[in-house]
Amino acid sequence: MNPGKQTEEETLGKLPLEGLTYPCPRLSDFSLDDNLRPSGCSPGNVYIHKLPKVDLSTLGVIPLELLQGVLSQLDLCTLMGFRRVNRRAIEVVESIPQYKAITKYARNVLRGILSIQLGQWISCETVYEKLCTAECEECGDFGGYFYILTCKRVCFLCFSEEDKYLPLRHGHAIRKFGVNRSVLKTLPCMRSIPGTYSPNEKKSNERLTLVDSESVYRAGITIHGSISSMEQYVLDRSAQKLQDFDRRTSQAMAEGSGTITRRLRRPRTEDPFDSRSGNPMRFMAVVRMPWLNRESHKPEWGFHCIGCQKFHRSRPLHFRRKFTVASFGEHLRQCGNVRNGKHCRVDSEGQSEFRILVDRKFIKYLTIDPGLYDVSDMCFAPTLISMLPPLPPGDWNKGHISHDTSNVHPHFTRIAKLPLPAVTKVSHPLQIDYLELRMGQKLRSNWEIPRLDAETRVYQWIENIQIGPKFLGHLSERGRVIGFIIERINDCRHATPEDLSPCQQALSRLHELGIKHGDLNKHNFLIRNGKATLIDFENSTRCNDAKALEEESRTLQDELRDTTGRGGRTAESDAA
Ligand SMILES: [Zn+2]
Ligand SMILES: [Zn+2]
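No experiment lies behind these values; they were computed from the predicted model shown. (Residues numbered from 1 in each chain as written. Chains lettered and ligands numbered in written order. Predicted model: local features only at pLDDT ≥ 70, side-chain atom pairs only at ≥ 80, totals over all residues. Heavy atoms only, no water.)

Now for the coordination of the zinc ion (ligand 2). Six octahedrally arranged donors around a metal ideally form angles of 90 or 180 degrees; four tetrahedrally arranged donors ideally form angles of 109.5 degrees. Of the protein atoms, only Cys305 (SG), Cys308 (SG), His331 (NE2) and His343 (NE2) coordinate the zinc ion (ligand 2), at distances of 2.0 to 2.2 Å. Coordination geometry of the zinc ion (ligand 2): the 4 donor atoms subtend angles of 99 to 124° at the metal centre, consistent with an arrangement described as tetrahedral. Positions of the donor residues of the zinc ion (ligand 2), expressed as sequence spacing, correspond to C-x2-C-x22-H-x11-H. Remark: His343 occurs in strand E16 (residues 342-344) and Cys305 occurs in strand E12 (residues 304-305); sequence separation between them is 38 residues. Here Cys305 falls in the buried class, since its relative accessible area comes to 1%. Its relative accessible area of 17% is what places His343 among the buried residues. (Donors = N, O, S within 2.8 Å, 3.2 Å for Na, K, Ca; no water. Tetrahedral: all angles 85-135°; square planar, octahedral: opposite > 155°, others 65-115°. Helix = DSSP H or I, 4+ residues; strand = E, 2+ residues; numbered from the N terminus. Buried < 20%, exposed > 50% of the residue type's maximum accessible area, 1.4 Å probe, protein only.)

Take empty space enclosed by the protein next. One pass over the structure, following the stated rule, counts 2 cavities of 30 Å³ or more. Lining the largest cavity, in full, are Ser427, His428, Thr456, Tyr459, Gln460, Glu463 and Phe471. Residue contributions to the lining of the largest cavity peak at 3 residues, all from helix H17 (residues 449-461). Taken together, the residues that form the lining of the largest cavity break down as 2 nonpolar, 4 polar and 1 charged. (1 Å grid on protein atoms, 1.4 Å probe; cavity = no way out; pocket = protein on both sides within 12 Å on 5 of 7 lines; lining within 4 Å. Points joined across faces, edges and corners; volume = space filled by probe spheres on them. Nonpolar A, V, L, I, M, F, W, Y, C, P; charged D, E, K, R; others polar.)

The relative placement of two packed helices is expressed as an angle between their axes plus a distance between the axes. At a minimum axis separation of 8 Å, helix H11 (residues 213-224) and helix H12 (residues 227-254) run at an interaxial angle of 95°. Here H12 runs roughly perpendicular to H11, going by the angle between their axes. Packed against H11, whose contacting residues are Tyr217, Gly220, Ile221 and His224, the element H12 presents Ile227, Ser229, Met230 and Tyr233 at the interface. (Axes fitted to C-alpha atoms, helices over the stretch in contact; angles between N-to-C directions. Parallel < 35°, antiparallel > 145°, perpendicular 65-115°, else oblique. Contact = heavy atoms within 4.5 Å.)

Once that is clear, we can look at the layout of surface pockets. The volume enclosed by the second largest pocket comes to roughly 1100 Å³. If you go around the second largest pocket, you meet 45 residues; those closest to its centre are Leu168, His172, Lys176, Asp271 and Pro272. The set of elements that each furnish at least two residues to the lining of the second largest pocket consists of strand E4 (168-169), helix H9 (170-177), strand E7 (202-204), H11, H12 and helix H19 (546-561). Looking at the lining of the second largest pocket residue by residue, the class counts come to 15 nonpolar, 11 polar and 19 charged. Two domains each put at least three residues into the lining of the second largest pocket: domain 2 (168-282) and domain 4 (431-574). (Domains from an automatic or database assignment.)

At 2.3 to 2.4 Å from the zinc ion (ligand 1) lie its protein donor atoms, namely Cys136 (SG), Cys139 (SG), Cys155 (SG) and Cys158 (SG). Its 4 donor atoms give the zinc ion (ligand 1) angles of 103 to 119° at the centre, a pattern that matches the tetrahedral case. For the zinc ion (ligand 1), the single-chain donor residues occur in sequence as C-x2-C-x15-C-x2-C. Here the residue Cys136 occupies a position in the loop between helix H7 (124-131) and strand E2 (145-147), and Cys158 occupies one in helix H8 (residues 156-161), the gap between them amounting to 22 residues. With respect to class, Cys136 is no different from Cys158; both count as buried.

Along its 13 residues, H17 runs 19 Å from first to last C-alpha, staying within 8% of the 18 Å computed at 1.5 Å per residue. Among the residues of H17, Ile449, Leu452, Asp453, Ala454, Glu455, Thr456, Val458 and Tyr459 are the ones counted as buried. Looking at the buried positions of H17, the neighbouring elements they touch are strand E22 (471-477) and strand E23 (480-486). (Expected span 1.5 Å × (residues − 1).)

Burial of nonpolar side chains together is a common tendency in soluble globular proteins. Ile113 and Ile148 are the most contacted members of the largest nonpolar core, which totals 69 residues. For this core, the two domains that each supply at least three residues are domain 1 (3-13 + 31-138 + 152-159) and domain 2 (168-282). If we ignore the near neighbours within four places in the chain, the residues touching Ile113 are Leu76, Leu118, Gly119, Ile122, Val127, Phe146 and Ile148. Ranked by size, the runner-up nonpolar core spans 27 residues in total, among them Phe471, Leu520, Ile527 and Leu560. (Core = buried A, V, L, I, M, F, W, Y, C linked by side-chain atoms within 4.5 Å.)

As a further point, take the packing of aromatic side chains. Tallied over the full model, the rule gives 14 aromatic pairs. Centroid distance Phe156 to Phe283: 5.9 Å. Interplanar angle 55°. Geometry classified as tilted. Within this pair, whereas Phe156 is found in helix H8, its partner Phe283 is found in the loop between helix H13 (258-263) and strand E9 (286-288), the two being separated by 127 residues in sequence. Of the residues examined, Phe156 reaches a relative accessible area of 5% and is grouped as buried. Residue classification places Phe283 among the buried positions, given a relative accessible area of 0%. Aromatic ring contacts, followed pair by pair, group Tyr145, Phe156, Phe159 and Phe283 into a single cluster. Above the face of the Trp396 ring, Lys364 is positioned so that its terminal group lies 4.4 Å from the ring centre. Between the NZ or CZ atom of Arg542 and the centre of the ring of Trp461, over which it lies, the distance is 4.3 Å. (Phe/Tyr/Trp six-rings, centres within 6.5 Å; stacked < 30°, edge-to-face > 60°. Lys NZ or Arg CZ within 6 Å of the ring centre and 35° of its normal.)

With 7 of 7 residues buried, E23 lies mostly within the body of the structure. Counting the residues that bridge the hairpin from E22 to E23 gives 2 residues, and of these Arg478 lies at a positive phi of roughly 50°. (Pairing = 2+ DSSP bridges.)

Positive charge collects at one region of the surface, where Arg169, Arg265, Arg268 and Arg554 lie side by side. By secondary structure assignment, the location of Arg265 is in the loop between H13 and E9. The exposure class of Arg265 is exposed, given its relative accessible area of 73%. (Patch = residues over 30% accessible without salt bridge, like charges linked within 9 Å, V, L, I, M, F, W, Y side chains within 5 Å. Areas by Shrake-Rupley, 256 points an atom, 1.4 Å probe, with all protein chains shown as cover. Salt bridge = Lys/Arg side-chain N within 4 Å of Asp/Glu carboxyl O. Lys, Arg positive; Asp, Glu negative; His and termini not counted. Charge placed at Lys NZ, Arg CZ, Asp CG, Glu CD.)

Now for the pairing of strand E17 (residues 352-358). Along E17, the buried face is formed by Ser352, Phe354, Ile356 and Val358; none of Glu353, Arg355 and Leu357, which line the opposite face, is buried. As paired elements, E17 and strand E18 (residues 362-368) share 7 bridges and run antiparallel to each other. When the sheet's bridge partners are listed, Ser352 is paired in E18 with Ile368. Between E17 and the antiparallel strand that follows it, E18, lie 3 residues; Asp359 among them carries a positive phi value of about 50°.

What follows deals with the pattern of salt bridges. Scanning the model with the defined rule gives 24 salt bridges in all. A salt bridge links Arg493 to Asp499; the nearest nitrogen and oxygen atoms lie 2.8 Å apart. For Arg493, a relative accessible area of 41% translates into the label partly exposed. Take Asp499: its relative accessible area is 8%, and that puts it in the buried class. Via salt bridges that share partners, Asp29, Asp33, Asp34, Arg288 and Arg320 belong to a single interconnected network.

Limitation: the analysis is restricted to geometry and does not speak to function.
Here it is as structure tokens:
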């Protein structure tokens, strides 16, 4: 186990939020820091046994503070070179406050930078600034990682999804952005170290030379003048290459030279497949980095939310999100407190929302001000119902419970009859009222309507084509459509790698209809009698881009093999 990990676990052992959070997911990231050699071999690890005999000559006359300031601005290669001058140089470098903090709290960041040969691009000062900033530079979440090529603090979701965090091989970069090799030499380039990368544990035995994607993109725009002319140039180039290839092939065939035809290779014009969080190249320039709180001088490695642990993989509820103590508070305010391992929209600080059934006939939506009831009482429906003030009579659907100076007891301060959002993509002749249904997929809160609307639309597209469960009808509440009812697939299980062929069949039928599923994972295929049924279409979209569909097909095999637990849900909860 490397020292970085040890520190991480020790710190997390003392979490103040026990029961609500957990330190690490079951799976390892396999980022660059997991592939570094034991720290004894690192260049910055020389232990000073003896006191220095000679000083730094003319540099010695500069006041130490000034010297430290200058050295902290130097690139790390130069700084490490200076450190090797003599024992006094080691002493001076190790006294630089930024260097001290980095070697104490983020030693693997420094070792990672040097191991992939990016030391000449980065200074101590830059790393220190990132160490003391908690937020991901893309999304503002806690970012527990450092992307070395451009020195950015990022979160797992951003670096594993965004195009700019995929370092590119030179050939790919040249083809994609229409630049030449001499341009690449001026941009941040790394040499990967052989090892195992990504949670899918992909082996990489070569030392790859990779360039930062965003830097090439910008260089490409500068060279070509604009994004559109760059794209046009790239298109023209690949068309030209394909034409040349066709010409050479037909020439060779006309000359009857079969061997030459076989030797001619079709030029590559498309991007290599990027399996995002399964792509090893996305992990070759990324190291975990704690956040150093400048006030407390304590590092925080971040932790995960128990409420987001299972079943969740779209923000704000995503099992990969990491939090600091401060950002976790914000998360609870946004998604509700965690009770019994789940977020419930009951809040001790913000308003809580409820949907209640009155006299088995009327559904009312209530909001309750914070501080009126104990959170645990609000989480247990029978207790809450017994504590609510008497419901005002009349035809209303939204009510607000609060207290004011004239009446300290909770009471209704507002009631109103207001239009509520409804699913609009209604096509099926059958509508079943929610109250007449014994079992159904129910709306929990009005903010779920857009999600249900999108999925309802997809069920219309695949109607009568046996790809998904049968759509049985819309679910309504007093005429307002709030969900749908689909066939329950009994005796089924989730897909495994052995089910590749039936899964491929189901997916290609969906693609033939010009629909991209958008959320492929093994939990979204239900297997029964050797046949695969696709479910969970909330991210599905119309797609005429053959390349995008092909890309989705290509992810299938990896997704079935995935062991990260992404998209994990039980079959029962999907097929209501
Ligand atoms: Zn992010
Ligand atoms: Zn959560």
